[in-house]
Amino acid sequence: MRYAYVAYVGRFEPFHLGHLSVIRRALDEAPRVIVLIGSAQAPRSARNPWTFEERAVMIRAALGPDAGRLILRPLVDHLYNETAWIADVQDSVAGAIAEDGGAVNASVALIGHEKDASSYYLRAFPQWALIDVDQTAMLSATDLRRHLFADDPGALRLLEANVPGPVLGMIQAFRTTEAYGRVADEFAHVEAYKAAWSVAPYAPTFVTADAVVVHSGHVLLVKRKAQPGKGLWALPGGFVNPRETVLDAALRELREETRLKLPAPVLRGGLKAQGVFDHPDRSLRGRTITHAFHFEFPAGPLPAVRGGDDAARARWTPVAEARRMRGALFEDHFHILEHFLGAA
């Protein structure tokens, strides 16, 4: 074997035969394989149906006796801080080696397939050798998720042909759960939303505005009433109307969704910062660019709020608590909070 460890990064939503082939190749190259499971702690969604723990079980079940040679570790997303994500990968690999009793200078390789622009990260770790593997001819994880939510009998057969047997059993069991029902409902909503725009001559770009309102060490959050993200917590916000500025849109949505009684001049006077958040994959609905506005007010009694319009609830959440809500916040709203309020 050429290396002491091989690292493999992926989301594995779901773990399929192509992933299994890569791990088998990695096991030929090193006695131990470190599998970093991405989008850990992300809320369940049509894009991320399974938790880190569920995907770890998938991988171990698929590998059978060889599962003992794997080191599985969670890897969280940093949509707007690539350096932080790279540092997390480096720390996770170093931590896995240390826990395994490996040498500090152990030889490490990174394995993967340079399929498209999404594979750029393979070149972000020049300290490690790169093992570029051929892609297995099969359906992608994106296609498999579409079949996961399909009702036709052929969908299950396509899943069966593309995932290891133990993973298929987990998928079948998942389809009977309440969690599956929620993400399947979200998937159907998003598909209908996209279909409504399918006749547009160009792929649409949507513009939204969000408000990050901090008062006395608390941030104002709302609970989403409808799909996508039904039941998740979010920043007050929504789509920009044709005849308003993005700041006006943020203030309007804030009043509609929280009934916050602070006058507009007071809110404008509390504006501390603003930013544009435009990761191409930030929204399941399509290309959606949001402008977020950070308002901050000094210590004092928290103003009364209540849910309205698209919000089932509104509440003041301690900032320390909000910074731990990675798995409960809609789309990239955790990352927006992280940008303005710092990491936990």
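Residues numbered from 1 in each chain as written. Predicted model: local features only at pLDDT ≥ 70, side-chain atom pairs only at ≥ 80, totals over all residues. Heavy atoms only, no water.

Visitor: Help me out: how do you make sense of the side chain of Asp 210 in this one?
Guide: Mapped onto the secondary structure, Asp 210 falls in strand S6 (residues 206-215). Despite its burial, Asp 210 pairs with no opposite charge, the nearest such side chain being Arg 282 at 4.4 Å. A polar atom in the side chain of Asp 210 sits 2.7 Å from the side chain of Thr 290. Setting aside chain neighbours within four positions, we find Asp 210 in contact with Leu 235, Pro 236, Gly 237, Gly 238, Ala 250, Arg 282, Thr 290, His 291, Ala 292, Phe 293, His 333 and Ile 336. (Helix = DSSP H or I, 4+ residues; strand = E, 2+ residues; numbered from the N terminus. Buried < 20%, exposed > 50% of the residue type's maximum accessible area, 1.4 Å probe, protein only. Lys, Arg positive; Asp, Glu negative; His and termini not counted. Salt bridge = Lys/Arg side-chain N within 4 Å of Asp/Glu carboxyl O. Polar contact = N/O pair within 3.5 Å; in protein donor to acceptor, adjacent residues only side chain to side chain. Contact = heavy atoms within 4.5 Å.)

Visitor: What should I look at first to understand the sheet that holds strand S5 (residues 129-132) in this one?
Guide: Neighbouring strands of a sheet are bound in pairs by backbone hydrogen bonds; such pairs are parallel or else antiparallel. The strand order S3-S2-S1-S4-S5 describes an open sheet built from five strands, whose pairing is parallel. The sheet terminates laterally at strand S3 (70-74) and S5, the two strands that pair on one side only. Each adjacent strand pair in this sheet contributes to an overall mean axis angle of 25°, direction not counted. With six bridges connecting them, strand S1 (residues 5-10) and strand S2 (residues 32-37) associate as parallel partners. Paired with Val 9 across the two strands is Leu 36, which belongs to S2. Contacts between helix H1 (residues 17-29) and the sheet are confined to S1, S2, S3, strand S4 (108-112) and S5, with S1 contributing the most and set at about 165° to the helix. Lying over the sheet, helix H2 (residues 52-63) contacts S2 and S3, oriented at roughly 165° with respect to S3. (Pairing = 2+ DSSP bridges. Axes fitted to C-alpha atoms, helices over the stretch in contact; angles between N-to-C directions.)

Visitor: Would you take a moment to explain the pattern of salt bridges for this structure?
Guide: Working definition: two side chains of opposite charge can pair if their charged atoms are close together. Evaluation of the coordinates by the stated rule reveals 18 salt bridges. Put simply, Glu 13 and Arg 55 hold a salt bridge, and the shortest N to O gap is 3.4 Å. One end of the pair, Glu 13, is in the loop between S1 and H1; the other, Arg 55, is in helix H2, with 42 residues separating them in the sequence. Taking relative accessible area as the criterion, Glu 13 reaches 1% and is therefore assigned buried.

Visitor: What am I meant to see in the nonpolar core here?
Guide: Formed by 45 residues in total, the largest nonpolar core has its most connected members in Phe 15, Ile 23, Val 35, Ile 59, Leu 63 and Leu 70. With six residues, the single largest contributor to this core is H2. Listed in part, the 23 residues of the second largest apolar core include Leu 220, Val 222, Phe 297 and Ala 311. (Core = buried A, V, L, I, M, F, W, Y, C linked by side-chain atoms within 4.5 Å.)

Visitor: Whenever I open this one, the pairing of S1 confuses me. Can you help?
Guide: Where burial is concerned, most of S1 is hidden: six out of the six residues are buried. Burial along S1 is two-sided: the face carrying Tyr 5, Ala 7 and Val 9 and the face carrying Val 6, Tyr 8 and Gly 10 are both buried. Taking the sense of rotation as the criterion, the β-α-β connection linking S1, H1 and S2 turns out right-handed. (Right-handed = clockwise from strand over helix to strand, strands pointing away.)

By themselves, these observations are geometric and do not establish any function.
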